[in-house]
Amino acid sequence: MHRTVQVNGIKMHVAEQGQGPVVLFLHGFPEIWYTWRHQMEFISSKGYRAVAPDLRGYGDTEAPALISNYTAMHLVGDIVGLIDSLCVDQVYLVAHDWGATIGWYLSLFRPDRIKAYVSLSVPYLPRNPKIKPVEEGRANYGENYYICRFQEPGKVEADYAKAGTEEIIKRVLTNHRPGPPIFPKAGVSSLPKVTGPLPSWLTQKDVDYYVSKFNKSGFTGAFNYYRNVNLNWELLAPWTGAKVKVPVKFITGALDVTYTSPGIKEYVHGGDFKKNVPYLEDIVIQEGVAHFNNEEASKEINNYIYEFIKKF
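Residues numbered from 1 in each chain as written. Predicted model: local features only at pLDDT ≥ 70, side-chain atom pairs only at ≥ 80, totals over all residues. Heavy atoms only, no water.

Where an unreviewed UniProt entry is consulted, the chain appears under the name soluble epoxide hydrolase, with the organism given as Crotalaria pallida. The heading Sequence similarities (unreviewed entry) in the UniProt record of the chain holds the text "Belongs to the AB hydrolase superfamily. Epoxide hydrolase family." (UniProt positions renumbered as here; feature names shortened; annotations may be inferred.)

Here is the structure:
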């Protein structure tokens with residue numbers, strides 16, 4: 001079922017399947033509700049109500065024009081509004097990539113609304129009071145680090161348009177190269193086209209669906225999330241040092257771009273992640289799997305989600 005709900009001043013498109021306790025799925029970049037198709041079918045068959053929105057600026061959800069309308073406060077506000085619209089007090093949360101970041105903010109601000117949280121790809125990364133995120137990324141990885149390259153309005157949009165939406169979707173979703181994403185100086189459009197067959201877990205029909213939605217919405221709304229990371233850093237100052245106090249399971253691919261960025265493995269496994277998220281129950285590393293583990297290893301992810309949430 002698809003419907004539109006009014007939340008936090010915008011119209012949000014939501015896909016739903018099943019009846020029962022709500023499992024809320026939040027997608028990342030460059031995705032839409034559709035990335036959760038396998039999880040929604042499985043979880044709904046187990047007696048849950050699977051709910052997956054297109055986030056602000058994505059798919060069939062409204063995309064406000066101002067960059068400043070995409071802060072963490074707006075994004076979490078949208079999700080709290082969505083939970084309210086479902087007429088439930090709490091949800092099970094499953095989230096990936098940017099959705100996972102929103103999930104961490106939601107768990108930090110409103111732990112009362114979360115029964116348990118399955119975070120894919122992105123661990124909770126606490127605010128560093130000493131340096132803003134864009135400057136930190138530039139210092140660590142250089143000017144061509146993807147978050148740095150996303151900052152200037154219009155520039156990366158033009159590069160993506162030159163490359164073509166289908167090329168972008170294929171390139172990003174099927175990337176298995178570990179380490180932080182670094183753009184070529186001449187832009188993504190300067191790279192050779194992705195050739196060869198799609199991986200077994202991604203069909204041309206899937207690609208076409210993503211392409212149809214991003215051709216309609218464009219990528220600006222998605223880029224605006226990145227254009228607010230420094231403003232989020234300012235807004236999140238009151239939560240410096242705060243801990244996330246919801247039950248959490250963390251799952252990532254061994255080849256994931258976040259997990260294989262310098263310092264992340266040490267953080268995840270060295271005890272600091274657990275200190276910041278005291279109710280972290282489990283960490284799963286999927287060998288041979290990259291960033292989009294919910295699609296690439298969907299059956300495994302389905303079982304991990306179900307086995308975790310059914311405990312609560």
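Picking up after the structure, the text goes on.
(A) Just the packing of aromatic side chains, in detail. The full count for this structure, using the stated rule, is 35 aromatic pairs. Aromatic pair Trp 33 and Tyr 34: ring centres 5.6 Å apart, planes at 90 degrees, arrangement edge-to-face. A centroid spacing of 5.2 Å and a plane angle of 75 degrees characterise the contact between Tyr 160 and Phe 223, whose relative ring orientation is edge-to-face. Here Tyr 160 is found in helix H6 (residues 155–163), whereas its partner Phe 223 is found in helix H9 (residues 220–226), with 63 residues between them in sequence. As far as the burial class goes, Tyr 160 and Phe 223 line up, both buried. Above the face of the Tyr 306 ring, Lys 46 is positioned so that its terminal group lies 5.1 Å from the ring centre. When the ring centre of Trp 233 is taken as reference, the NZ or CZ atom of Arg 127 above it lies at 4.3 Å. (Phe/Tyr/Trp six-rings, centres within 6.5 Å; stacked < 30°, edge-to-face > 60°. Helix = DSSP H or I, 4+ residues; strand = E, 2+ residues; numbered from the N terminus. Buried < 20%, exposed > 50% of the residue type's maximum accessible area, 1.4 Å probe, protein only. Lys NZ or Arg CZ within 6 Å of the ring centre and 35° of its normal.)

(B) Local environment of the sheet that holds strand E1 (residues 2–7). Taken together, 8 strands build an open sheet; the order of strands is E1-E2-E4-E3-E5-E6-E7-E8 and the sheet is mixed. Of all the strands in the sheet, just E1 and strand E8 (280–286) have a single pairing partner and so form its edges. The sheet shows a mean angle of 20 degrees between the axes of neighbouring strands, direction not considered. In terms of strand pairing, strand E3 (residues 22–26) meets strand E4 (residues 49–53) through 3 bridges, oriented parallel. What sits directly across from Val 23, in E4, is Ala 50. In this fold helix H3 (residues 98–109) packs onto E3, strand E5 (91–96), strand E6 (114–120) and strand E7 (248–253), with an angle of close to 150 degrees to the strand it touches most, E6. (Pairing = 2+ DSSP bridges. Axes fitted to C-alpha atoms, helices over the stretch in contact; angles between N-to-C directions. Contact = heavy atoms within 4.5 Å.)

(C) Representation of the layout of surface pockets within the structure. Estimated volume of the second largest pocket: approximately 220 Å³. Every residue lining the second largest pocket is listed: Glu 143, Cys 148, Arg 149, Glu 152, Lys 155, Val 156, Asp 159, Phe 183, Lys 185, Ala 186 and Gly 187. If you list the elements that add at least two residues to the lining of the second largest pocket, you get helix H5 (146–149) and H6. Take the lining of the second largest pocket: its biggest share by element is 3 residues, from H6. Taken together, the residues that form the lining of the second largest pocket break down as 4 nonpolar, 1 polar and 6 charged. (1 Å grid on protein atoms, 1.4 Å probe; cavity = no way out; pocket = protein on both sides within 12 Å on 5 of 7 lines; lining within 4 Å. Points joined across faces, edges and corners; volume = space filled by probe spheres on them. Nonpolar A, V, L, I, M, F, W, Y, C, P; charged D, E, K, R; others polar.)

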